[in-house]
Amino acid sequence: MDLRQANVIELDIGGMTCATCAGRVEKKLNRVDGVTATVNYATETAHVTYPETVSVDDLIKVVEATGYTAAVPQPAPAADEAARPEPDPLGQRLLISGLLTLPVVLLSMIPALQFNHWQWLAFTLATPVAVWGAWPFHRAAALNARHGAATMDTLISLGVLVSYGWSAWALFLGGAGMPGMTMSLTWLAARGDDPGMHLYLEVATTLTTFLLAGRWFEHRAKRRAGSALRALLDLGAKDAVLLRNGVEQRVPVDRLAVGDLFVVRPGEKIATDGVIVEGSSALDTALLTGESMPVEVGVGDAVTGATVNAGGRLVVRATRVGADTQLAQMAKLVTEAQSGKAPVQRLADRISSVFVPVVIGLAVGTFAFWTAYDGGVTSAAVTAAVAVLIVACPCALGLATPTALLVGTGRGAQLGILIKGPEVLESTRRVDTIVLDKTGTVTTGVMTLAGTLPAAGVQEQDLLRYAAAVEHASEHPIARAVVNGAAVHGIAPGAVRDFQSLPGLGAQGVVEGRKVLVGRGSLLAERGVVLGQAPADGARTAVAVALDGEFAGWLLVADTVKPGSAAAVAEFTRLGLRPVLLTGDAEGPARAVAAEVGIDEVIAGVLPAGKVDAVRRLQEQGHTVAMVGDGVNDAAALAAADLGLAMGTGTDAAIEAADLTLVRGELTVAADAIRLSRATLRTIKGNLFWAFAYNVAALPLAAAGLVTPVLAAAAMALSSIFVVTNSLRLFRFR
């Protein structure tokens, strides 16, 4: 398939009740020529890549032919519609089934309540539960059977129907319908008893009620697991104050176009990504980035939609709208990550697809064994066979990975960590070396005045005043650092005449009647200026200043380390990662920064291609490498690394090439991202262990007649609830 002509769509899939269902839909979609699909049971969605020759209607028909429903997701409801409570048919079915089940269980297990013909009342109450209450299971089992498949619902439906059908036979054709018939609570069926005198109505009803309860709790937990993404999507402003010809008009945010001016008053959300053209304020970005400190902004600064204006009135020019905004891209990344599958989940899916037919065979074998052992059909044979059907349902297996992934990626989005795909989780576990770009990642990337060394007889104030006047006319980063440094000392740049920029060397001009030359020491030496002793630490860039051809002093400029970088490096070390500083800067400044943040290994003076080579050399030495960067020159290295982490404050090229995007431009978030990814992977593995261990341990007990169907139903429902609630613990990640 030509990927350039491929389309991508997310379909809502209805009718899935277990991981086996998701596997069947996925298999059918992938059989269509040119289609690549991933179906997620937890999110009930299909992420489909398809060629121009296939239409969306074709895809929907394939899903419907498999026995399920498919639809294109509808836009989010308006706020007033969203506020209305959703109908809960599953909850209603559970409530009615529970109310009818309770008297059936009491009558069946307490002899003192068993009046004459009690069994017929129990049968009357159990019938709507076994038929109507369990209808979702029967319907799904029938649909799957029609397509030659068996799923978890097949096991549940068989268990309910066998229990209910056997009871009906015993009542109408056996001896169980006679007056005076009694039963009592037993954990094991007696060997060789008369099957015609034993009812399983409490099994059929409790099985239905337990499993409806399990599915209801599972549904609620899955909704909560997806709440982080829904909250992210709801962050955006719903309307904006459009400014045209000086007139303000409130309009829905989807009517904004690139280039439109809109007004943001204090307390309002920024409607969409843009640039401030009027006003200054502090922005609260906590909802989007997790950062609690407000960010000061003014004219010319870029702002992100969904951040809150905490200060003055702003006029913003829209630069990105709709699906192009940072918020929309964040939501897209989270959705794609939740729609994908980690390698461990693919293993669970394969096991689930063959598990159900094996269990049905095992139940038949168990029934045959006990029938032969007891010399005929007994209630013990029926009990053991039904228990095998129920206890083996692979619900927990199907939920183990997607729920943890759903919660982990959602929590990451809340903290400003965007995980591109589930396979990224495996990479974070294996990583042993983390390569850090220097400029913009470990440091701010903004040059600042770090010190001055005036020549003998020259005042620091004069040195700064003359230098700042010349540098004020230049746009070079070092010039900006000098001007800003002078401003910190309360010095405003004066007027300059005859200004001349000397690209790559410096600048010159006339200030207050004196000729001022600012630039590299080599420039001044060429002009015949005798230089004073230059600083020898190599950590700072030395800028020479001459007045009327005489050396006036050195200005020391340096890139400043971000406040949290040292703490982040310490955290990397604690996580078992070896930090390496990688930069195109000279060895001296790079070593100085490395020493300040606690990094021992430095690779300096490399071009963008050299960064890729450096990453590959580490990989050839047997290391699994993570790379953190933010610039265009880091994109290739981010793609080459086993795990790429891009600063969200960096370039689009870097973000596109990375596996993880850190919305806040702080290195500490990179450590958080690795910890969260590892925690999510640990949760997935814990869930899978529980699901496998539960089935492996429970099946032999059920086949041996040591687990009753009622206990089996309770245990199966509890195993699913355990897996989902275990995943929800990731919401507590800090």
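A quick note: this is a predicted structure, and the numbers were derived from the prediction, not measured. (Residues numbered from 1 in each chain as written. Predicted model: local features only at pLDDT ≥ 70, side-chain atom pairs only at ≥ 80, totals over all residues. Heavy atoms only, no water.)

1. A word on the side chain of S97
Along the chain, the position of S97 falls in helix α4 (residues 89-109). With a relative accessible area of 1%, S97 lands in the buried category. Those residues in contact with S97 that lie beyond four places of it in its chain are V129, W132, G133, T209 and L212. (Helix = DSSP H or I, 4+ residues; strand = E, 2+ residues; numbered from the N terminus. Buried < 20%, exposed > 50% of the residue type's maximum accessible area, 1.4 Å probe, protein only. Contact = heavy atoms within 4.5 Å.)

2. A closer look at the sheet that holds strand β23 (residues 601-603)
Two pairing modes exist for strands in a sheet, parallel and antiparallel, and in both the strands are linked by backbone hydrogen bonds. Within the open sheet, the seven strands sit side by side as β14-β26-β25-β24-β15-β22-β23. Their pairing is mixed. Each of the sheet's edge strands pairs with one partner strand only, and the pair in question is β14 (417-419) and β23. Strand-to-strand twist in this sheet, taken as the mean axis angle between neighbours without regard to direction, amounts to 20°. Looking at chain direction, strand β24 (residues 625-629) and strand β25 (residues 643-647) are connected through four bridges and run parallel. (Pairing = 2+ DSSP bridges. Axes fitted to C-alpha atoms, helices over the stretch in contact; angles between N-to-C directions.)

3. Observations concerning helix α25 (residues 667-703)
Residues separated by three or four positions in an α-helix point in the same direction, a consequence of the helix having 3.6 residues per turn. Here α25 is 37 residues long and its end C-alpha atoms lie 55 Å apart, about the 54 Å a rise of 1.5 Å per residue gives. The positive-phi residue at the C-terminal boundary of α25 is G705, with phi of around 80°. (Expected span 1.5 Å × (residues − 1).)

4. Notes on the packing of helix α15 (residues 423-430) against α25
Two elements in contact, α15 and α25, have axes whose closest approach is 8 Å; the angle formed by their N-to-C orientations is 105°. By the criterion of interaxial angle, the relationship of α15 to α25 is roughly perpendicular. Where α15 approaches α25, its residues L425, E426, T428 and R429 are matched on the opposing element by S677, R678, T680, L681, I684 and K685. Taken together, the residues of the contact of α15 with α25 break down into three nonpolar, three polar and four charged. (Parallel < 35°, antiparallel > 145°, perpendicular 65-115°, else oblique. Nonpolar A, V, L, I, M, F, W, Y, C, P; charged D, E, K, R; others polar.)

5. Here we look at the UniProt feature "transmembrane region" (unreviewed entry) in the protein chain
Per the UniProt record, "transmembrane region" (unreviewed entry) is found at residues 94-112, 118-135, 155-177, 197-217, 354-373, 379-407, 688-707 and 713-731. Helix makes up 84% of residues 94-112 and strand makes up 0%, while its end C-alpha atoms are separated by 28 Å. For residues 688-707, the helix share is 80%, the strand share is 0%, and the end-to-end C-alpha distance is 23 Å. (UniProt positions renumbered as here; feature names shortened; annotations may be inferred.)

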